[in-house]
Amino acid sequence: MAAADVARQMTEGARNLSLSGHVGFDSMPDQLVNKSVCQGFCFNILCVGETGLGKSTLMDTLFNTRFEGDPAAHNQPGVHIKSNSYELQESSVCLKLSIINSVGFGDQINKEESYKSIVEFIDTQFEAYLQEELKIKRTLHNYHDSRIHVCLYFIAPTGHSLKSLDLVTMKKLDSKVNIIPIIAKADSISKNELQKFKIKIMSELVSNGVQIYQFPTDDETVAEINGTMNAHLPFAVVGSTEEIKIGNKMMKARQYPWGTVQVENENHCDFVKLREMLIRVNMEDLREQTHARHYELYRRCKLEEMGFKDTDPDNKPFSLQETYEAKRNEFLGELQKKEEEMRQMFVMRVKEKESELKEAEKELHDKFDRLKKLHQDEKKKLEDKKKSLDDEINAFKQRKTAAELLQSQAQQSGSQQTLKREKERKNSGFL
């Protein structure tokens, strides 16, 4: 019998017994609280919205501090993700907070793929957690959970309708993260327009099938407040780190020539509602929904891609070993097939290369023969020219010799005539 069947039978066959005295396991909640406080908590917030909507200011206002960080550079060609982590402590509770900002979102002329880097970042965090789960030696008890627990989607206070970029992005994200839409810089729109804008936003989200995070109402302790706050979505917020003295108190507010907007005054904006719902009431539910819903969906899809199932076609528990062997054999078969394809491709390319080399060799031989023939023709021409020059030189030498002979004969004849004339002159003198 499989272990799962045994465990199910043990659970179904459990009997209810009454205790005759105090045992002590009613302290389990206290033990869990103490353990959780010792380990601390983590919470990861993704801020998505166009540049200039006050994302960083709202984060500073939410956690009543100033997160020191380098200003984001907006010189990137696309959207890039910037993540910063901080250690916060309130009373005895430690919180490791990560704020992830989508820098450059909506800045491009072509905004069709603005959401891709955000989706890839969320999937990367899911994949890192899944890889940790699949390790033989797991360390999930002290593993830093980087999965996104909530996405605060900042909507520009246009007062008209949602942009197509907002609808497309939220539709791509709603199955991967808890989305809480908020209207940024709500002090730039009148109350009547703001209420109409809220109704129009929710109508467009419903008509386009965008699933946003709904505050849970199954817990009686928070059902009433969560049910009320669901009706206020999206929250219209104003952020400010500047404190102004109003009456006898210093309050976070924004000062304008026409008056003052108090951040924590619920008549002015929904900042207090957002803080209550996000941090004080539903932070743990956001973490739980991330694990139980969004991560489980990602994990199931990934394991199904790998061939793992809960039951086989006969509706029996699926054997992990059999699945592994089947996938291994399938992988080996695909590997052998790819190796054979690569071998055939290699042989084909070698043949093509040999053919190219033979063609090149033939061309080289033809070129060599042409050059050789040309060389022989040139050599023959040079030899003929040399022979002609030799003949000319011999003829010249013969003419030279003949000329020298004639010259010597002429000189001898001249000298003889001179002697003869001298002799005649002398003879004539004696007479």
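Criteria and thresholds
- Residues numbered from 1 in each chain as written.
- Predicted model: local features only at pLDDT ≥ 70, side-chain atom pairs only at ≥ 80, totals over all residues.
- Heavy atoms only, no water.
- Pairing = 2+ DSSP bridges.
- Helix = DSSP H or I, 4+ residues; strand = E, 2+ residues; numbered from the N terminus.
- Contact = heavy atoms within 4.5 Å.
- Axes fitted to C-alpha atoms, helices over the stretch in contact; angles between N-to-C directions.
- Core = buried A, V, L, I, M, F, W, Y, C linked by side-chain atoms within 4.5 Å.
- Buried < 20%, exposed > 50% of the residue type's maximum accessible area, 1.4 Å probe, protein only.
- Polar contact = N/O pair within 3.5 Å; in protein donor to acceptor, adjacent residues only side chain to side chain.
- pLDDT = per-residue confidence, 0-100.
- Expected span 1.5 Å × (residues − 1).
- Bend = angle between axes of the 7 residues up to and from the residue.
- Salt bridge = Lys/Arg side-chain N within 4 Å of Asp/Glu carboxyl O.

## What to know about the sheet that holds strand E1 (residues 41-48)
Within a sheet, adjacent strands bond to each other through the backbone by hydrogen bonds, running parallel or antiparallel. Ordered by their spatial adjacency, 6 strands build an open sheet running E2-E3-E1-E4-E5-E6, and the pairing between neighbours is mixed. Single-partner strands in this sheet number two, and they are strand E2 (80-90) and strand E6 (235-236). Across 11 bridges, the pairing between E2 and strand E3 (residues 93-103) is antiparallel. Its bridge partner being in E3, Ser85 is matched across the sheet by Ser98. Sheet strands touched by helix H6 (residues 191-207): strand E4 (150-155), strand E5 (179-183) and E6. Its angle to E5, the strand with the most contacts, is close to 150°.

## Here we look at the nonpolar core
Counting residues in each nonpolar core, the largest one holds 73 residues, and the members touching the most others are Ile45, Leu152, Ile180, Leu274 and Leu278. When residues in this core are grouped by element, the largest group, 7 residues, is from helix H4 (residues 116-133).

## Re the side chain of Arg147
Its location among the elements puts Arg147 in the loop between H4 and E4. Judged by its relative accessible area of 4%, Arg147 is buried. One polar contact links Arg147 to Asp145, side chain to side chain, over a distance of 2.8 Å. Side-chain polar atoms of Arg147 contact the side chain of His291, separated by 2.9 Å. Once you skip the residues sitting within four places of it in the chain, Arg147 turns out to touch Asn44, Gln125, Phe126, Tyr129, Thr290, His291 and Tyr295.

## Quick word on the confidence of the model for the protein
Looking at the protein as a whole, its pLDDT mean stands at 87, while 92% of the residues score no less than 70. The least confident element of the protein, judged by mean pLDDT, is helix H1 (residues 3-12) at 57; the most confident is E4 at 96.

## A closer look at the environment of Leu173
Inspection of the secondary structure puts Leu173 in helix H5 (residues 164-173). The buried category is assigned to Leu173, whose relative accessible area is 0%. Excluding anything up to four places from it in sequence, Leu173 contacts Ile118, Val119, Ile122, Cys151 and Ile179.

## Regarding the sheet that holds strand E9 (residues 259-262)
Spatially, the 3 strands line up as an open sheet ordered E7-E8-E9, and their pairing is antiparallel. Pairing within the sheet leaves two strands with one partner each, and these edge strands are strand E7 (243-246) and E9. Within this sheet the neighbouring strands show an average axis-to-axis angle of 65°, counted without direction. Pairing of E7 with strand E8 (residues 249-256) involves 4 bridges; the strand directions are antiparallel. Of the residues in E8, the one forming a bridge with Ile246 is Lys249.

## Here we look at helix H9 (residues 283-305)
Given 3.6 residues to a turn, an α-helix orients residues that are three or four positions apart in the same direction. Here H9 is 23 residues long and its end C-alpha atoms lie 32 Å apart, about the 33 Å a rise of 1.5 Å per residue gives. The largest bend in H9 amounts to roughly 35° and is located at Tyr295. Turning to H9, its buried residues are Met283, Asp285, Leu286, Thr290, His294, Tyr295, Tyr298 and Leu303. Residues of H9 that are buried in the fold lie against E1, E3, H4, E4 and helix H8 (271-281).

## A few points about the pairing of E1
Extensive coverage of E1 is indicated by the burial of 7 of its 8 residues. Where E1 lies against E3, 7 bridges are found, and the strand directions are parallel. In the sheet register, Phe43 faces E3, and the bridge partner there is Leu97. Pairing between E1 and E4: 4 bridges, direction parallel. Considered in E4, the bridge of Leu46 is made with Cys151.

## Notes on the side chain of Asn282
Here Asn282 is to be found in the loop between H8 and H9. Assessed through its relative accessible area of 2%, Asn282 is described here as buried. Those residues within four positions of Asn282 in sequence are excluded, and the remaining contacts are Tyr213, Phe215, Pro216, Asn226, Glu276 and Met277.

## Notes on the pattern of salt bridges
One pass over the full model with this rule turns up 18 salt bridges. Linking Arg343 and Glu340 is a salt bridge whose minimum nitrogen-to-oxygen distance equals 2.8 Å. Here the residue Arg343 and the residue Glu340 both occupy positions in helix H10 (residues 320-430), the gap between them amounting to 3 residues, near one helical turn. Judged by relative accessible area, which is 36%, Glu340 ranks as partly exposed. The shortest N-O distance in the salt bridge between Lys353 and Glu356 comes to 3.9 Å. Here Glu356 and Lys353 lie together in helix H10, a separation of 3 residues that amounts to about one turn. Note on Lys353: relative accessible area 48%, which makes it partly exposed. When its relative accessible area of 49% is taken as the criterion, Glu356 is described as partly exposed. Taken together, the shared-partner salt bridges connect Lys198, Glu266, Asp270 and Lys273 into one network.

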